[in-house]
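Okay, here's what each chain looks like letter by letter:
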Amino acid sequence: MLYYRSGYAGLYVHFPYCIHKCSYCDFYSVGIGKNPTPNQQTLFENYRKEFDLRLSLDPKIMDYKFDTIFIGGGTPSLANLDLLAQLLEYIKSKLYFEDNTEFTMEMNPEDISPELLSQMHKIGVNRVNAGIQSFNKDLLITLDRYNDEEKYSKVLDHLSSSKIKRFGIDLIYGIPGQTLEMFLSDLNKSIDARVTHISLYSLTVEKGTEYAKQLKKKQAKPPNEDLQLEILQTLPNLLASYGYKQYEVSNYCKEGEEARHNLKYWTMEKYLALGPGAHGFTDNGRYFNNRSIEKYNSGEFGNTYE
């Protein structure tokens, strides 16, 4: 499938907090437990400061037309939605966004509820992506993921009955101890719930992660590469039979349900990114922010352009 540039830019905001930092995760995030997320006011003030800085460093951004917003992390479903709405209102007062802008938020299964989905819908979220990874509790434990079995069992029902009609899920395959039957069970549950977008990732060992350190010390088992190969070869035809097309290495969707924001990365379109650990691409080039909440909240955003 060939995709062309849309001519529109995207906005990415990185929310860095999680209940628990998973050992395999290479994205910048900090586990804080179940306590209320700290320093949200400070964090959102600095999003605004960085936004102003980006415009001053690259005034051409003000000429961009935007058609996607993506709140990633971390765990954005822990974010204060009032503060997020205020930030976006400020950004939209300076930049042009299309009326049909795709507004995606990532969510953890433990946070998904009818109430939260309703609140997100009210601030304009029209697409959500749930990081399920697996419905199998033992596999979640192997992945070192915080999980609540009761909440996991209700996730797909909540998503399918929400006013937010575009929703996708992430699943991981090749987990030590996982079988093909386990993976297909997770996949079939998702298909039965009429998800519009499915991201299927093979478990990988990322340098510097806790998982990589555990493998080096022989304290963990490596990914099941034989299973990964079998699944990778099976998925395109299997999912095509259910009406899902493969439009990127790991992503499948129903017709017209591509993640427009993610396509910008593949088609090399511009995207403004804010937050600790965020990467952006503007007329000045590619830039990346400090992977430190402390530095970010002290105004050291990191303005390195490649």
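Placed above this text is the structure.
From a predicted model like this one, the values you see are computed outputs, not experimental measurements. (Residues numbered from 1 in each chain as written. Predicted model: local features only at pLDDT ≥ 70, side-chain atom pairs only at ≥ 80, totals over all residues. Heavy atoms only, no water.)

Caption draft 1: Main features of the layout of surface pockets. Each pocket or cavity is described by its volume, and for the largest pocket that value is around 1,600 Å³. Phe27, Gly73, Glu106, Asp170 and Tyr201 are the residues nearest the centre of the largest pocket, which is lined by 48 residues in total. If you list the elements that add at least two residues to the lining of the largest pocket, you get strand E1 (9–15), strand E4 (65–73), strand E5 (96–107), strand E6 (127–133), strand E7 (166–173), strand E8 (197–202) and helix H10 (260–266). For the second largest pocket, the calculated volume is near 170 Å³. (1 Å grid on protein atoms, 1.4 Å probe; cavity = no way out; pocket = protein on both sides within 12 Å on 5 of 7 lines; lining within 4 Å. Points joined across faces, edges and corners; volume = space filled by probe spheres on them. Helix = DSSP H or I, 4+ residues; strand = E, 2+ residues; numbered from the N terminus.)

Caption draft 2: Expanded view of the environment of Lys137. For Lys137, the location among the structural elements is in helix H4 (residues 137–142). Taking the C-alpha atoms as reference points, Lys137 and Ser292, 155 residues apart in sequence, are found 31 Å from one another. In contact with Lys137, other than residues within four places in its own chain, are Asn147 and Glu149. (Contact = heavy atoms within 4.5 Å.)

Caption draft 3: Looking closely at helix H3 (residues 114–122). Turning to H3, its buried residues are Leu116, Leu117 and Met120. Down the axis of H3, the sector holding all buried residues measures 100 degrees, keeping them to one side. Among the exposed residues of H3, those oriented more than 90 degrees off its buried face are Glu115 and Lys122. Two residues or fewer past H3, Gly124 is found with a positive phi of approximately 105 degrees. (Buried < 20%, exposed > 50% of the residue type's maximum accessible area, 1.4 Å probe, protein only. Arc of directions from axis to C-beta.)

Caption draft 4: Just helix H1 (residues 40–57), in detail. Over its 18 residues, H1 extends 25 Å from the first C-alpha to the last, a length consistent with the 26 Å expected when each residue adds 1.5 Å. By the burial criterion, the buried members of H1 are Gln40, Leu43, Phe44, Asn46, Tyr47, Glu50, Phe51, Arg54 and Leu55. (Expected span 1.5 Å × (residues − 1).)

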